[in-house]
Amino acid sequence: MIDIPKRIRNLTPYIAGKTIAEVKNKYNVDTISKLASNENRLGCSPAVRPAVQRALDGIQDYPDPLARELCSELAKRNKVEESEIIIASGSESILSILCRSLLSSTDNIVTANATFVGIYVQAGVMGAEIKKVPVTRNYSFDTSAMLESIDEKTKILYIANPNNPTGTHIGKSEYESFIEKVPDHVLVIADEAYFEYARNEEDYPCALDYRKENVIVTRTFSKGYGLAGFRIGYAIAHPYLIGQLMKSKLTFEPTTPAQAAALAAINDDEFLEKSVSLVKKERDKLYSFFDDHSVEYVPSISNSVMMICNNEQDAVQFTQGMLERGVILRRLNAFGLPNCVRITIGTEQEMNHFKDSFQLDSD
Ligand SMILES: *Cc1c(COP(=O)(O)O)cnc(C)c1O
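Summary of the structure given here. (Residues numbered from 1 in each chain as written. Predicted model: local features only at pLDDT ≥ 70, side-chain atom pairs only at ≥ 80, totals over all residues. Heavy atoms only, no water.)

**Structural notes on unusual backbone geometry**
1) Next: A cis geometry characterises the amide bond from Asn 161 onward to Pro 162, with omega recorded as -5°.
2) Next: Considering the arrangement of structural elements, one finds Pro 162 in the loop between strand E5 (154-160) and helix H8 (172-181).
3) Next: Put simply, Glu 253 and Pro 254 share a cis peptide bond, and its omega is -10°.
4) Next: Along the chain, the position of Pro 254 falls in the loop between helix H10 (239-248) and helix H11 (256-266).
5) Next: Phi at Ala 67 takes a positive value of approximately 45°, unusual for a residue other than glycine.
6) Next: Relative to the elements of secondary structure, Ala 67 occurs in the loop between helix H3 (48-56) and helix H4 (68-78).
7) Next: Taking the relative accessible area as the measure of exposure, Ala 67 reaches 1% and is therefore buried.
8) Next: A positive phi angle, close to 55°, is found at Lys 79, a residue other than glycine.
9) Next: As for its placement among the helices and strands, Lys 79 is situated in the loop between H4 and strand E2 (85-88). (Helix = DSSP H or I, 4+ residues; strand = E, 2+ residues; numbered from the N terminus. Buried < 20%, exposed > 50% of the residue type's maximum accessible area, 1.4 Å probe, protein only.)

**Details of the nonpolar core**
1) Next: Of all hydrophobic cores here, the largest spans 87 residues; its most connected members are Phe 221, Phe 290 and Phe 354.
2) Next: There are two domains that each give this core at least three residues, and those are domain 1 (6-44 + 270-362) and domain 2 (48-266).
3) Next: Residues in contact with Phe 354, not counting those within four places in the same chain, are Leu 35, Leu 286, Phe 289, Phe 290, Phe 318, Met 322, Val 327, Leu 329 and Ile 343.
4) Next: With 24 residues, the next largest nonpolar core counts Ile 94, Ala 235, Leu 241 and Leu 245 among its residues. (Core = buried A, V, L, I, M, F, W, Y, C linked by side-chain atoms within 4.5 Å. Domains from an automatic or database assignment. Contact = heavy atoms within 4.5 Å.)

Here it is in structure tokens:
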């Protein structure tokens, strides 16, 4: 057999969630609420479909490798230069580009033990050591412990703010003093996949307001904008770093239809507002429901809420029971939180389905 390097053999394969059709068939349920992957349950902007249709007219040609039209719009909206932006096939692709460009097997990255799994995979591919600093008792990033675990071999410090799967965030004053203390040789990846949900929160520090040369901010069209299937995201950083990253990006990512979809989506503020306010409203209602049922959960500024079960077995039973009633949730064993379950905030109807199906098997 082909000799596969250990760094690849050591990776854990991604277990795909069940599709709606699979759940319908297997458990014989009519209504499915897919609350497992933090997608936008309202869909996407109605402006996307005609824009994509138009883009298909040029589908025989390679995409614009610089995604110029979208880039210029993003620059305007974020008040940065176009040379400070990279656009790729999802923020996961940007994490991959960063790991490919920066890491070798003698380096390490510092992050938390309960955060976006994508960063573990991409750093693992390069054979880098991943220092997973335990989150605090409140499921927040332990910023001082993270600073302490930085050493001369550390190349990247990864934070997601707000974090996935916990929904927690680092507040303004903590973020400011933390970012100040990160040594210059370490690149901070500030993953803002849930930026659109978080940005109007009082104590949310958008990383762009605290810019340093060693900080890159990643964003995505997959969550608030509802374009996960297109695979498109972007990052903002110092032009020198962006120039280097552009060299190892797959030349023609993202696709032409994805670029068109993203451009249509960011120009529809109304749809975004509707999505964000729906999440806020349904999230508050879910808190009350949990309070009424004495369920432990972690308050969130994202489009998901993490529920805490007594132990792993309870979490397994709960998610399995909900699945059999048509509610697909994400158990968080792969995220290092085996007793926790993540619930994506859906439409009012989906959340009612969740509540009506809610059963904690008591002993
Ligand atoms: C969903 C998610 C991503 C992935 O975004 P894509 O743009 O779809 O690749 C990245 N980071 C975090 C924290 C996420 O939750």
